[in-house]
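Each chain, written out:
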Amino acid sequence: MTRVDFYILPDVDEIARHRFTSRLAARAVAAGNRVYVRAEPGAVEPLDELMWDYPPAQFLPHAPSGRTDGERGGITPPVTIGSDADEPDGGDMMINLAPDIPAFLARFERVAEVVLAPQRATGRAKYRQYRDRGYRLFHHELDDWE
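Residues numbered from 1 in each chain as written. Predicted model: local features only at pLDDT ≥ 70, side-chain atom pairs only at ≥ 80, totals over all residues. Heavy atoms only, no water.

Another point: the sheet that holds strand S3 (residues 62–64). Spatial strand order, S3-S4-S2-S5-S6-S1-S7: seven strands in an open sheet with parallel pairing. At either margin of the open sheet sits one strand with a lone partner, and together these are S3 and strand S7 (136–141). The mean inter-strand angle of the sheet, taken between neighbouring strand axes irrespective of direction, is 20°. Pairing geometry for strand S2 (residues 35–38) and strand S5 (residues 91–96), over four bridges, is parallel. Residue pairing across strands places Tyr-36 opposite Met-94, the latter belonging to S5. (Pairing = 2+ DSSP bridges. Helix = DSSP H or I, 4+ residues; strand = E, 2+ residues; numbered from the N terminus. Axes fitted to C-alpha atoms, helices over the stretch in contact; angles between N-to-C directions.)

What follows is the structure, given as structure tokens:
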């Protein structure tokens, strides 16, 4: 059964959410995991740009999921970023930044929901949906994550 972790950030801006996502993805990759970041279509490019420089002093191999393997020299990076237009095969971890719960959720061993302070109501609604479906849920209040 997929494990679902909720990370509650005290921040209010989307860039903080993207920075935390990048750090979380870097930790997962360091542990040997493959990560799919599910974002809204307009956020794929900004996340891609951010991951080139953040976290500082680390290289996080990544690419938007719409690019072909040929464009990446036949190598699939450990982090892919996609939206609803790109349905992944599955993997170790999905970081879900989209406002809904995808139908392909069970293809991943672990799902992370990153919630900003102003999004708590949406986060609670998603928490109830996961709980009602029987997923293992974990809650993390992060006061000083950066």
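Apart from glycine, the bulk of residues carry a negative phi angle, and the bulk of peptide bonds sit in the trans form. The omega angle of the peptide bond from Tyr-54 to Pro-55 is 5°, so this bond is cis rather than trans. The topology assignment puts Pro-55 in the loop between helix H2 (44–51) and S3. Unusually for a residue other than glycine, Ala-57 sits at a positive phi of about 65°. The residue Ala-57 is located in the loop between H2 and S3 in this model.

The next point concerns the pattern of salt bridges. This structure, assessed with the given rule, holds eight salt bridges. Residue Glu-14 is joined to Arg-17 by a salt bridge in which the shortest nitrogen-to-oxygen separation is 2.9 Å. One end of the pair, Glu-14, and the other, Arg-17, are both in helix H1 (residues 14–30), three residues apart, so they sit about a helical turn from each other. Glu-14 sits in the partly exposed class, given a relative accessible area of 34%. Exposure remark for Arg-17: the relative accessible area of 7% places this residue in the buried category. Because the salt bridges share partners, they merge into one network encompassing Arg-3, Asp-5 and Arg-110. (Salt bridge = Lys/Arg side-chain N within 4 Å of Asp/Glu carboxyl O. Buried < 20%, exposed > 50% of the residue type's maximum accessible area, 1.4 Å probe, protein only.)

Turning our attention to the nonpolar core. Counting residues in each nonpolar core, the largest one holds 28 residues, and the members touching the most others are Phe-20, Val-35, Val-37 and Ile-95. Those elements that place two or more of their residues in this core are strand S1 (3–9), H1, S2, H2, strand S4 (79–82), S5 and strand S6 (108–116). Discounting chain neighbours no more than four positions away, the residues touching Phe-20 are Tyr-7, Leu-9, Val-114, Leu-142 and Trp-145. Phe-6, Tyr-36, Val-115 and Tyr-135 belong to the second-largest nonpolar core, a separate cluster that totals 14 residues. (Core = buried A, V, L, I, M, F, W, Y, C linked by side-chain atoms within 4.5 Å. Contact = heavy atoms within 4.5 Å.)

Moving on to the packing of aromatic side chains. In this structure the tally under the stated criterion is nine aromatic pairs. With centroids separated by 5.5 Å and ring planes inclined at 90°, the aromatic side chains of Phe-20 and Trp-145 adopt a geometry described as edge-to-face. With Phe-20 in helix H1 and Trp-145 in the segment after S7, this residue pair connects regions lying 125 residues apart in the sequence. A residue is classified by how much of its surface remains accessible, and Phe-20, at 3% relative accessible area, is buried. Aromatic pair Tyr-36 and Phe-108: ring centres 6.2 Å apart, planes at 20°, arrangement stacked. Placement of Tyr-36 in strand S2 and of Phe-108 in strand S6 is noted, with a sequence separation of 72 residues between them. Across the pair, Phe-108 and Tyr-36 agree in class, each one buried. (Phe/Tyr/Trp six-rings, centres within 6.5 Å; stacked < 30°, edge-to-face > 60°.)

These figures capture arrangement, not role.
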